Structure formats: C-alpha cells, structure tokens
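Single-letter residue listing:
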Amino acid sequence: PPPAPVLTSPADNLKTNQTTVNVVGTSSQGSEVRIRLNGVTASDWSAFTGGTFTRSVTLSEGANAVTAEARNIHGASAASAPRNVILDTTVPVVSELSIAGISVQDGTALTETVNLTLKVSDTNGISSVTAQFNGATLPVASGSGGYTITLNPIALANGGYPLRVRITHSAG
C-alpha cells in the first residue's frame, strides 16, 4: 500500500466561521485519496495529479478532525495525521452593558465622562473588541470584569451620537 498522505492545509487547530474548508495535501503518484471528517467519509476516492490533492469538505459545528487516506493497486494506507478544525458560527453574547452597574439602553443620555462596562462571552474565546463614539476610535481596556470603554461626551453639542462596538471571536 502507499504511505499515508500528508495534510498541508488547513492549519491544525484552525478556528473558523466558514462552513467549508479546503483540505490540501500530498500523496504518492498513482494513488487515489479520500478525506474523512470525524471518522466519516467526506469525499469519495478520487485520483489526482502531480502528487498534490485538494478537496473541499463541509464542517460540522464544533470540533472536526480531518484525515486523508490513499490507496493504489496494492491496498489502502493508514490515515494521515489529523488536522483539527473548530467551526464556530455562533455570535459572541453580550451579557451586560452598564455604567457603574446600571444597565445602558439605546438613547441613554450622558452628561459626564463615564466608564462603560461590557461583559461578553463566546464558547471559543473573544479575539478583539473595538469601539467608536461619534466616528472616533476609542481605547478598549480588557479586565477580569469584561471590557471598559471610556466615553467623554462633554465637548459635544446636545443630540444623539452613535456608539459602535465590534466584538470579534476567535473564529472570525
């Protein structure tokens, strides 16, 4: 039998919000390759040229183990080393948006500089939180109680000003 294929993509321990991923690897010439996802066949045996193969597979939500097998007229190989991919299509959850422990609602009037506390969670972690107030980027501090954004509306005329907060989880 041929040696086990070698996977070159996706990166091991990839976190993504895309439901499909290209599996790329190498195998011996004259072999056919199939891809397995969590031990289940995800692509039929198919020939390839040049020693390199690419197959697209559809991921399941959560952890996915991707492997490849090769076969030729002498038999089938062992499975490749797995590549682990986490599919996370859920959005981060904001559990609190407050000023000094008091909940903030759309249209809350601010008359002084305040620290806005934002508590966010996601099953696979938060990679970044960014904020803009009236079009200007604000620093966001991370701490054990969540994220803190300092707002200073004092120099602004009376009226409504947008606060935009973007939360990105580790899957993108």
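Use the structure listed above.
Cut-off values and rules
- Residues numbered from 1 in each chain as written.
- Predicted model: local features only at pLDDT ≥ 70, side-chain atom pairs only at ≥ 80, totals over all residues.
- Heavy atoms only, no water.
- Pairing = 2+ DSSP bridges.
- Helix = DSSP H or I, 4+ residues; strand = E, 2+ residues; numbered from the N terminus.
- Core = buried A, V, L, I, M, F, W, Y, C linked by side-chain atoms within 4.5 Å.
- Buried < 20%, exposed > 50% of the residue type's maximum accessible area, 1.4 Å probe, protein only.
- Contact = heavy atoms within 4.5 Å.

(A) Region of the structure containing the sheet that holds strand 16 (residues 140-143). Read from one edge of the open sheet, 5 strands run 12-11-13-17-16, paired in antiparallel fashion. Unpaired on one side and paired on the other, strand 12 (102-103) and strand 16 mark the two borders of the sheet. Taken together, the 4 bridges between strand 16 and strand 17 (residues 146-151) define a ladder with antiparallel strand orientation. The residue of strand 17 that forms the bridge with G143 is G146.

(B) How the structure looks around the nonpolar core. Ranked by size, the top nonpolar core spans 15 residues in total, and within it V33, I35, F53 and V66 carry the most contacts. Every element with two or more residues in this core is listed here: strand 3 (20-26), strand 4 (32-37), strand 7 (52-58), strand 8 (62-72) and strand 10 (83-87). Apart from residues lying up to four places away in sequence, F53 is in contact with P5, L7, V23, V24, G25, T26, S27, V33, I35, F48 and A68. Ranked by size, the runner-up nonpolar core spans 9 residues in total, among them I99, V104, L116 and I149.

(C) Molecular detail of the environment of R166. As for its placement among the helices and strands, R166 is situated in strand 18 (residues 163-169). Here R166 falls in the exposed class, since its relative accessible area comes to 58%. Through-space distance from the C-alpha of R166 to that of T90 is 15 Å; in sequence the pair is 76 residues apart. Among residues more than four places away in sequence, those in contact with R166 are S128, V129 and T130.

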